[in-house]
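Examination of the molecular architecture
Now for the letters of each chain:
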Amino acid sequence: MTLIIVNTGMTASVVFFALGYIFRKRLKLHRPFMIMGIFANLLSALALLFSVYVLYLGDREAAGFIATVSPFWIFVHRFVASTAFLLMFVMAWTGLRHDRKRHVRLHLIFIVLYLFTYITGLLFFTTEAS
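As a starting point, this report considers the structure included with it. Since we're looking at a predicted model, the values are computed, not measured.

The interhelical angle for the contact between helix H3 (residues 71–96) and helix H4 (residues 100–124), taken along N-to-C directions, is 145°, at an axis separation of 8 Å. Crossing handedness for the pair H3 and H4: left-handed. Considering only residue class, the contact of H3 with H4 consists of 17 nonpolar, nine polar and one charged.

Encoded structure:
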């Protein structure tokens, strides 16, 4: 069940980020969508971490996140996800500080990393053992 909650939250995050990107020239729309994307991401990540590390004491499979790929690809997914997670806060910081030059430079990197993480999360994990 947690996988469904995490996937739903991450999908909402992607939708909010996409809407924020579409309205990037209109700050009154851009900011709220981006902030909603960040909160959807944070809530999903907290649900994932709470489920795996608190409820199931680190047992990812018992928490309902069964890998469909080798441990190497899970490591790649986690590494890119961690990098995108940190970059999300840098993007928020540069946006709130009106540091447009850095914000714009970073957005393509963030988009690629975030979409990679989102897609691999959908493809690399299932709730059922094969």
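From this point, things continue past the structure.
Before going further, it helps to spend a moment on the packing of helix H1 (residues 2–22) against H4. Working note: a packed helix pair is described by the angle between its axes plus the distance between those axes. Two numbers describe how H1 lies on H4: the axes approach to 11 Å, and their chain directions differ by 155°. With respect to H4, the axis of H1 lies roughly antiparallel. Taken as a pair, H1 and H4 cross one another with a handedness that is left-handed. Of the residues in H4, those in contact with Asn 7, Met 10, Thr 11, Ser 13, Val 14, Phe 17 and Tyr 21 of H1 are His 107, Phe 110, Ile 111, Tyr 114, Leu 115, Tyr 118 and Leu 122. Its residues placed into classes, the contact of H1 with H4 shows ten nonpolar, four polar and no charged.

This paragraph deals with the side chain of Ser 44. Mapped onto the elements, Ser 44 comes out in helix H2 (residues 27–55). Classification of Ser 44 by relative accessible area gives buried; the value is 3%. Setting aside anything within four residues of it in sequence, one finds Ser 44 in contact with Val 6, Gly 9 and Met 10.

On to the layout of surface pockets, then. Here the largest pocket defines a volume of roughly 870 Å³. Along the walls of the largest pocket sit 30 residues, with His 30, Met 34, Met 91, His 103 and His 107 positioned nearest its centre. For the lining of the largest pocket, the secondary structure elements donating two or more residues are H1, H2, H3 and H4. Examining the composition of the lining of the largest pocket, we find that eight residues originate from one element, H4, more than from any other. Along the lines of polarity and charge, the residues of the lining of the largest pocket split into 19 nonpolar, six polar and five charged. Of the pockets and cavities examined, the second largest pocket occupies roughly 680 Å³.

With that settled, the discussion passes to H3. Turn by turn, an α-helix covers 3.6 residues, leaving residues three or four places apart pointing in a common direction. An ideal rise of 1.5 Å per residue puts 38 Å on 26 residues; H3 measures up with 37 Å between its terminal C-alpha atoms. All of the buried residues in H3 are Ile 74, Val 76, His 77, Val 80, Ala 84, Leu 87, Met 88, Met 91 and Thr 94. On its buried face, H3 sits against H1, H2, strand E1 (66–67), H4 and strand E2 (125–126). Backbone geometry just downstream of H3 places His 98 in the positive-phi region, at approximately 60°.

Right, let's get into the environment of Pro 32. Tracing the sequence through the fold places Pro 32 in helix H2. For Pro 32, a relative accessible area of 37% gives the class partly exposed. Placed 15 residues apart in sequence, Pro 32 and Phe 17 show a C-alpha to C-alpha distance of 9.8 Å.

With respect to the helices and strands, the residue Ile 74 is situated in helix H3. A residue is classified by how much of its surface remains accessible, and Ile 74, at 5% relative accessible area, is buried. Ile 74 sits 40 residues away from Met 34 along the chain, and the two C-alpha atoms are 27 Å apart. Ignoring any residue separated from it by four or fewer positions in sequence, one finds Ile 74 in contact with Ala 67, Val 69, Phe 124 and Phe 125.

The rules behind the values
- Residues numbered from 1 in each chain as written.
- Predicted model: local features only at pLDDT ≥ 70, side-chain atom pairs only at ≥ 80, totals over all residues.
- Heavy atoms only, no water.
- Axes fitted to C-alpha atoms, helices over the stretch in contact; angles between N-to-C directions.
- Helix = DSSP H or I, 4+ residues; strand = E, 2+ residues; numbered from the N terminus.
- Left-handed = near helix turned anticlockwise from the far one by under 90°.
- Nonpolar A, V, L, I, M, F, W, Y, C, P; charged D, E, K, R; others polar.
- Parallel < 35°, antiparallel > 145°, perpendicular 65-115°, else oblique.
- Contact = heavy atoms within 4.5 Å.
- Buried < 20%, exposed > 50% of the residue type's maximum accessible area, 1.4 Å probe, protein only.
- 1 Å grid on protein atoms, 1.4 Å probe; cavity = no way out; pocket = protein on both sides within 12 Å on 5 of 7 lines; lining within 4 Å.
- Points joined across faces, edges and corners; volume = space filled by probe spheres on them.
- Expected span 1.5 Å × (residues − 1).

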